[in-house]
Amino acid sequence: MKDLIIKLTEISSPSGSEEKVRNLIRNSIEKYVDDIKIDNMGNLIAIKKGNSKGKSIMFDAHMDEIGVIINHIDKNGFLRFSPVGGFFPIHAVTHRIQFQNGMVGVIGEELRKDYSKVTPLDKLYIDIGAGGKKEAEKYVGIGDVGNYFAKTIVMENRIIAKSLDDRIGCYIMIEAIKRIKKTKNTLYFVFTVQEEVGIRGARPAAFSINPDVAIAIDVTDTGDTPESSKMEVKLDDGAAIKIMDSGMLTNRKIREKLISLSKKNKIPYQLEILERGTTDAFGIQITAGGIPTGAISIPSRYIHSCSEMVSINDVNACIDLTVAFSKEYND
Amino acid sequence: MDIEKTLNILSSAFGLSSFEDSVIEKTEKMCKPLADKTYFDKAGNLIAYKKGTEGKNKVIIATHIDEIGLIVSGIEKNGLLRFNTIGGVDIRILPGSEVVVLGEKHLNGVIGSIPPHFQNKGGILKPYEKSELYIDTGFDGKAIRKYVDIGTPVAFKPKFINLKNSKCSNKSFDNRSSCVASLYVLDLLRKYNHKWDVYSIFTLQEEYTMLGGRTAGYNTIPDLAIAMDATFGQQPGVSDDQGYDIDKILTISRGPNLHIKATEELMYVADEEKIPYEIEVSPRMSGTDAMALQTTGKGIPTVLISLPIRNMHTSLETININIIKTASKLVARFIASLDSNYENRFE
Amino acid sequence: MIIANLSNAMGVSGNEFEIRSLLYKLAKKYADSIKIDAMGNIVAYKKGAKSKRKLMIAAHMDEVGFVITGIDDKGFLKIARVGGIDPRICVDKRVIVGRDKIPGVITSKPIHLLNKSEREKIVPFSSLLVDIGAKDKNEVKKYLKLGDSIVFDTIFEKLNQKIMKGKAFDDRLGCYIVLELLKKNYEDDLYAVFTVQEEVGLRGANISAYSIMPDYAVILEATGAQDFPNKKDINISPELGKGTCITIKDGNSFASPELLDMSIKLADKYNIPYQFKKTGVGGTDAGVIQISGKGVKTIVFATPARYIHSPVSISSMDDVKSTFGLTDVLLNNIK
């Protein structure tokens, strides 16, 4: 378990360049599913076939992570960049960026005139230690993408890593896939692309599958750190069943089902209302005439930084709930 | 149909975005005597269907049935409730207001405010922030949990009042007044001959995600869509440029979001029927279901009629009943004018 | 000259009447079938020799402009912008108003009468008024209605052999290229689409892509060339004369990797000049086409033009040819 989590989180796959993590996920699930395909957007769709009496359920987690994209290499070999997804300046300065070819650089900033303010992204640059433009061009080019470079730490009940958003969701789906042996419901496990840049992968995927119901599995914020925003979700209180976020309200019947399944199977759970932020569930819900959609969330601190943190107990609760729903959903 | 009574019932009913069951149930009952069939589409939108004499074409009347409000986001140890907003709620209207907590049992609540005696004398008054406000039901921490949990919706407390000159006030005239108009159209159509099939669709969740608007057109594929919503009425703080006379007119919207020829035809009917209206210009999107309907599937020609109301998105929205009547008459006459030679033209 | 007629035609988002008629007439000659959909998009279809795939090429026919939001008692028109326009370029400009193309001027207060603080402020849209010379509100109402469109009055001209000046190069240059591609014959089925309302939120493209469900889409756009003397060494900008701009990532989509690779290889192979631009800037119809239906593989080729979204743009015919050339070669090589 530890190995897979480390591999999933340390790999480089920002939005738009998900090949590496897609291959890793594919290799991890191939022998446990009946069919695998990659659609026009690059989403990875794995199917566990049920029988004709069952329902079709789509589980969704996104493979992509936030990152940067190179705009310009200046004459001294420094790189100017734009964000890919919610890459925030407040987390960035002095952190390390890794490019697809393994090259690592440091984010630096122009002279800050006011130390009480955060330097905006267009006044930052990446330093790969090159002596000039020509040398830099040997390693990187315009349009190259990069992501945070950080070592994953797995403790007894905590994981600290970059891109737990949403590799931990992918991990949960992978484990669920391994655990589910027979199923009467047809299960579509969709590992989507480009969620961070506008929930772009999930919509075409949901449209082609057109499932009876869908569950998105992604991270959510917590209200359990000093003087944080007032939010009920806490690490270790279990799988967070989403009621609402800034993009959607979940389908009531589905969330009531998730709650009753948690109670029945003694899975620790909590209820989530997230003020800022949304997930693939928003895109799925409005597609194809309205797909009933719910969401299981993994409570996470420090989202969109290179040190996101989750509770392993919560992760296991999410796996249990995913498996329970896949078995027992029959409307 | 008694428009004022219907408006009273529907605006007093509860139906926050994604929690529309109660108002849907009441509306469905009202639709049944007026329509050939009532049913729900895939997304849960309520549809009242009325067959036309030729039935070759379909027109939908789309009015969103949900209302804005609050949702419980946390329960303090002493029983006070923290909340989040559903839809565009101005936090500044909340202190000192009454609400209804729609839990296992409906509970009355108040959103408290600090008496002036306890506030910093001479300090600068700032508006209350959401994090400073709580809903107080009078129950303690243990008792409240029997009825309420995170995710329990909370509505403005309804109280329908009559003002002078055919005006009245209550919560949710945005958009129950248009829903009433839609029902009245079905009533009027019993007297007018109409060739096209008519679908009155009461859409869900417009105030939050426009889920209903985005799915209604997909599930019922019409040739034309008539959306009805509320617009701003002139009042203190709303200039004559920004709002419309709530006693005299309804508005017909013009702009990229609306089909140019269909809108012209609607204006023609209004002129013929001597229904007073003004053109409401929408340079971009209209901010209503019309936005979602127009770009659904292969595209739906859409028109938008709006009823001016004062104090939008508060518990005391104010409308003139007569405007609901004239809006319904306009829609019914427009539908009656649609014939089988209808073409989607631009020029 | 076709490109001149396209640039001059009136067609503010939501009211594309003149440009739509013109494009329809021109495209009809080369298409097997042509139709106008519920929002006014034109879809022209040409069957391919082998008909294996559906290829969509698209350009938007609408331009930025204004709309009448009010008429004051003295007969001046209050306006709002349609699409992104910088308020600072609006004062003191000639305009054309409504379907009858009534000439008008955007008024501006004489410098003599401005006080110091007025001179330092930007005139907001709410203060801009258009004068068509009417006596009063009643006279205006004889000719115009609220919601009628207004465009900048700019006549297309060639400044020299290669460089042209005109309005609405975004995206009439793209429309021109689509017309030229429609004249050719490809192995696959070709859907040439002229979309509406791109400038007000990419509104038209969605429904055309949904009706067609193409396998691939190439979007022909115009992009802002900011090739001025650079103060800071922090950005690249497309330059006139340096070729078509292959868009790696704009504000709402990545180029599909397969098409991006292919385009660069083909451009190198056939010596078609190309360049790149700053990522993440601007949004195009590609954003909605790519995620419509089951998903479409898309790429955007943009012709650089200076001063887009203003009354006068400047562009190079060479770059138009490069955009045409690269698209043509790509359509021939998609396997």
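Residues numbered from 1 in each chain as written. Chains lettered and ligands numbered in written order. Predicted model: local features only at pLDDT ≥ 70, side-chain atom pairs only at ≥ 80, totals over all residues.

A short note on the pairing of strand E7 (residues 106-111) of chain B
All names here are of chain B. Side chains Leu 107, Gly 109 and Ile 111 of E7 all project onto a buried face; the interleaved residues His 106, Asn 108 and Val 110 project onto a face where none is buried. Linking strand E6 (residues 98-102) to E7, which pair antiparallel, is a turn of three residues. Bridge analysis of E7 against strand E8 (residues 135-136) gives two bridges, and the strand direction is antiparallel. By the bridge assignment, Val 110 is partnered in E8 with Asp 136. (Buried ≥ 20, exposed ≤ 12 C-beta atoms within 10 Å, placed from the backbone. Helix = DSSP H or I, 4+ residues; strand = E, 2+ residues; numbered from the N terminus. Pairing = 2+ DSSP bridges.)

Notes on the interface of chain A and chain C
Contacts between the two partners involve 19 residues from chain A and, on the opposite side, 18 residues from chain C. If one sorts the elements of the side of chain A that touches chain C by residue count, helix H6 (residues 202-209) of chain A sits on top with four residues. Here the residues of the side of chain A that touches chain C are counted per class, giving five nonpolar, eight polar and six charged. (Contact = placed C-beta atoms within 7 Å. Nonpolar A, V, L, I, M, F, W, Y, C, P; charged D, E, K, R; others polar.)

Here we look at the domain arrangement of chain A
Residue and element names in this part refer to chain A. Taken domain by domain, chain A comprises domain 1 (2-65 + 162-328) and domain 2 (67-148). Computed over C-alpha atoms, the centres of domain 1 and domain 2 are 31 Å apart. At the interface, twelve residues of domain 1 touch twelve residues of domain 2. Residue composition of the side of domain 1 that touches domain 2, by class: three nonpolar, six polar and three charged. (Domains from an automatic or database assignment.)

Description of the environment of Gly243(C)
One can find Gly243(C) in the loop between strand E13 (216-224) and strand E14 (244-246). Dropping the residues within four chain positions of it, Gly243(C) is found in contact with Ile272(C), Pro273(C), Tyr274(C), Gln275(C), Asp319(C) and Ser322(C).

So, the sheet that holds strand E10 (residues 161-162) of chain B
An order of E10-E11-E17 (chain B) is seen for the three strands of this open sheet, with the pairing classed as antiparallel. On the outer flanks of this sheet lie E10 and strand E17 (317-320) of chain B, each paired with one strand and no other.

Focus: the interface of chain C and chain B
How big an interface is tends to be reported as the loss of accessible area on association of its parts. Each partner contributes residues to the interface: chain C has 28 residues there, and chain B has 20 residues. Secondary-structure elements contributing two or more residues to the side of chain C that touches chain B are helix H2 (17-28), strand E4 (65-71), strand E5 (77-82) and helix H6 (205-212) of chain C. In terms of residues, the side of chain C that touches chain B owes the most to one element, H6(C), which gives four residues.

Describing the sheet that holds strand E6 (residues 94-97) of chain C
All names here are of chain C. One closed barrel holds the six strands; their spatial order is E4-E5-E8-E7-E6-E9, and the pairing between them is antiparallel. Across this sheet, the average inter-strand angle for adjacent strands is 45°, counted without regard to direction. Summarising the sheet, E4 and strand E9 (residues 149-152) pair through two bridges and their orientation is antiparallel. Within E9, the position partnered with Val 67 by the bridge is Ser 149. (Axes fitted to C-alpha atoms, helices over the stretch in contact; angles between N-to-C directions.)

What about the packing of helix H2 (residues 19-29) of chain A against helix H5 (residues 164-179) of chain A?
All names here are of chain A. Contact geometry of H2 with H5 gives a least axis separation of 10 Å together with a crossing angle of 20°. Taken together, H2 and H5 sit at an angle that is classed as roughly parallel. In the packing of H2 onto H5, the handedness of the crossing is right-handed. For the pair H2 and H5, contact is made by Ile 25, Ser 28 and Ile 29 and by Cys 170, Ile 174 and Ile 177, respectively. Of the residues in the contact of H2 with H5, the class split is five nonpolar, one polar and no charged. (Parallel < 35°, antiparallel > 145°, perpendicular 65-115°, else oblique. Left-handed = near helix turned anticlockwise from the far one by under 90°.)

Regarding the domain arrangement of chain C
Residues and elements named next belong to chain C. The domain boundaries assigned to chain C delineate domain 1 (2-63 + 167-333) and domain 2 (65-152). Distance from the C-alpha centre of domain 1 to the C-alpha centre of domain 2: 31 Å. The residue makeup of the side of domain 1 that touches domain 2, split by class, is five nonpolar, five polar and three charged.

Concerning the environment of His95(A)
Residue and element names in this part refer to chain A. Note that His 95 resides in the loop between helix H3 (89-92) and strand E6 (96-99). Looking at His 95, the number of C-beta atoms within 10 Å reads 16, which means it is partly exposed. Not counting chain neighbours up to four residues away, the residues in contact with His 95 comprise Ile 107, Tyr 148 and Cys 306.

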